[in-house]
Amino acid sequence: MQSTLTRRTVMRTGAGALAGFAVLRQARGDAPFHIRCSLDTAPTHVRNQSIVDYLKKVEQSSGGRITSEVFHSGQLYPDLHVSKALLQGQVEMCAPGVWTLTGLVSDFDFVQLPAFYGQSAEVTHRATDGAPGKFVQGKIEQKLRAHCLGPWIDLGFQNWYTTRTPLHSVADLRGLKLRSPGGAAISWRIRFVGGIPNTTAWPNVPLALSQGTFDGFVSTDESCTTAKLWEAGVRYSLADHQFMGQYVPLISNAFIGKLPSDLRDIMLRFWAENIPTYRANMARAQQGARKTMEANGVSFTDPTPQELTETRKRMTADQDQLIHDAKLSPEIVRMVHEAIGSVA
């Protein structure tokens, strides 16, 4: 059937022009560019909410020329496996945690260096938004044939959580079987405190906790709250802010390479414009999540600044073992030192 759209209609400004172009594509039989995004956290998690908000803005700005669907709670893949799915073209987008990418690029574990232990988010951002982040980002883009949309999404500070063992200091973790989200450096920290590392995909954590597969784990208040892990027996937390977890927003080259320049610009520009809001939202969510956990019977211990400094110094003394275990390159260690300087 012949399209009734005129050139004047298509050239109208603003949203009308975008919508008109989408209709014109449909009239020509052109399908929209479709994004499948896999996340393994719950729909209420701020990472999920951020990605959904971003893709909605992209779809609206593109006038429907880009469409998307987000698969939550590991419906398609856990983060531990989603990078392979991205490489194989089974999804177009993902945002895995840096700790799940260390099997491909070991230098992603640089945020586990003792210099970040118990430090502020700003210290982490100086590194991940700077040369160290760009260095590992380039490596993962090459390996996965993907493109990073821009600055990484904050998850928040990683802490210790247990079911039966009260936590007053890192000494209380000795002898416990502790779940790690992945990465050699987190396993190093678990061994450093005298624990036994266990790696379990996040969607399986509630059942594993209730079955006693491990005694505790490393995670964040927000992740625990969205999964309601107090229902699986979580009762204690040591909030030592081991490191700032972040998610890396990746889009496949096969997808973004098909887009005309205006649509590529929309995807990159909207990420850059919105990432400050997404980071601020996550910080607020972490604060609210702790209150929710406390209201559901979880007891928190906050180490003093002196305790954090003493633990950081002990970790620094064992840093060579961490660098060896995590296979961190001399380049990334040097870049981190240059980015954040010396920290007490």
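Here, the structure is the one placed above.
Predicted model, so just to flag it, every value in this text is computed and none were measured.

Undergrad: It is not clear to me how the packing of aromatic side chains should be interpreted in this structure. Could you clarify?
TA: In the structure shown here, the tally under the stated rule is seven aromatic pairs. Site record: aromatic cluster; members linked through ring pairs are Tyr54, Trp271 and Tyr278.

Undergrad: Hey, could you run me through the environment of arginine 126 in this one?
TA: Mapped onto the elements, arginine 126 comes out in helix H5 (residues 121-128). Given a relative accessible area of 42%, arginine 126 falls into the partly exposed group. Sequence separation between arginine 126 and glycine 341 is 215 residues, and the spatial gap between their C-alpha atoms is 10.0 Å. A polar contact is formed between the side chain of arginine 126 and the backbone oxygen of isoleucine 340, at a distance of 3.2 Å.

Undergrad: Honestly, the pairing of strand E8 (residues 196-199) in this entry has me stumped. Any pointers?
TA: Consecutive residues of a regular strand have side chains that alternate between opposite faces of the sheet. As judged from the four bridges shared by strand E7 (residues 177-180) and E8, these two strands associate in the parallel manner. Bridge assignment links serine 180 to a residue of E8, and that residue is threonine 199.

Undergrad: Looking at this model, I keep getting lost on helix H14 (residues 330-340). Mind explaining?
TA: Within an α-helix, residues lying three or four positions from one another point in the same direction, as the helix has 3.6 residues per turn. For H14, the full list of buried residues reads Ile332, Met335, Val336 and Ile340. All buried residues of H14 lie within an arc of 105 degrees about the axis, which places them on one face of the element. Every exposed residue of H14 that faces more than 90 degrees away from the buried side is listed here: Pro330 and Glu338. Along its buried surface, H14 packs onto H5 and helix H6 (131-144). Trailing H14 by a residue or two, glycine 341 shows a phi angle of about 70 degrees, which is positive.

Undergrad: Looking at this model, I keep getting lost on the pattern of salt bridges. Mind explaining?
TA: Pairs can form between side chains of opposite charge once their charged atoms are near each other. Taken as a whole and judged by the stated rule, the model has 15 salt bridges. As a salt-bridge pair, aspartate 265 and arginine 269 come within 3.3 Å of each other at their nearest N and O atoms. Here arginine 269 and aspartate 265 lie together in helix H11 (residues 261-295), a separation of four residues that amounts to about one turn. Given the relative accessible area of 42%, aspartate 265 is considered partly exposed. Owing to a relative accessible area of 33%, arginine 269 belongs among the partly exposed residues under this scheme.

Parameters and conventions
- Here the residue numbers are simple positions, counted from 1 along each chain's written sequence.
- In keeping with the predicted nature of the model, local features appear solely for residues at pLDDT of at least 70, side-chain atom pairs appear and are counted solely at 80 or more, and the whole-chain, interface and lining totals rest on all residues.
- Side-chain figures throughout are based on the complete set of non-hydrogen atoms in the structure, without hydrogens or water.
- Classification of ring pairs uses Phe, Tyr and Trp, with its six-membered ring standing for Trp, and accepts pairs whose centres are within 6.5 Å; under 30 degrees between planes counts as stacked, over 60 as edge-to-face, and the remaining range as tilted.
- For helices the rule is a DSSP run of H or I covering at least 4 residues; for strands it is a run of E covering at least 2, with both sets numbered from the N terminus onward.
- Only protein chains enter the area calculation, which uses a 1.4 Å probe; residues under 20% of their type maximum are buried, those over 50% are exposed, and those in between are partly exposed.
- In the analysis that follows, any N or O atom pair within 3.5 Å is treated as a polar contact, provided that within protein one partner can donate a hydrogen and the other can accept it, and provided that, for residues neighboring in sequence, both atoms belong to side chains.
- Only strands joined by at least two bridges in the DSSP assignment are considered to pair.
- The arc refers to the directions leading from the helix axis to the C-beta atoms.
- Any two residues whose heavy atoms approach within 4.5 Å are treated as being in contact.
- Counted as salt bridges are all cases of a side-chain nitrogen of Lys or Arg within 4 Å of a carboxyl oxygen of Asp or Glu.

Worth remembering: the numbers are spatial, not functional.
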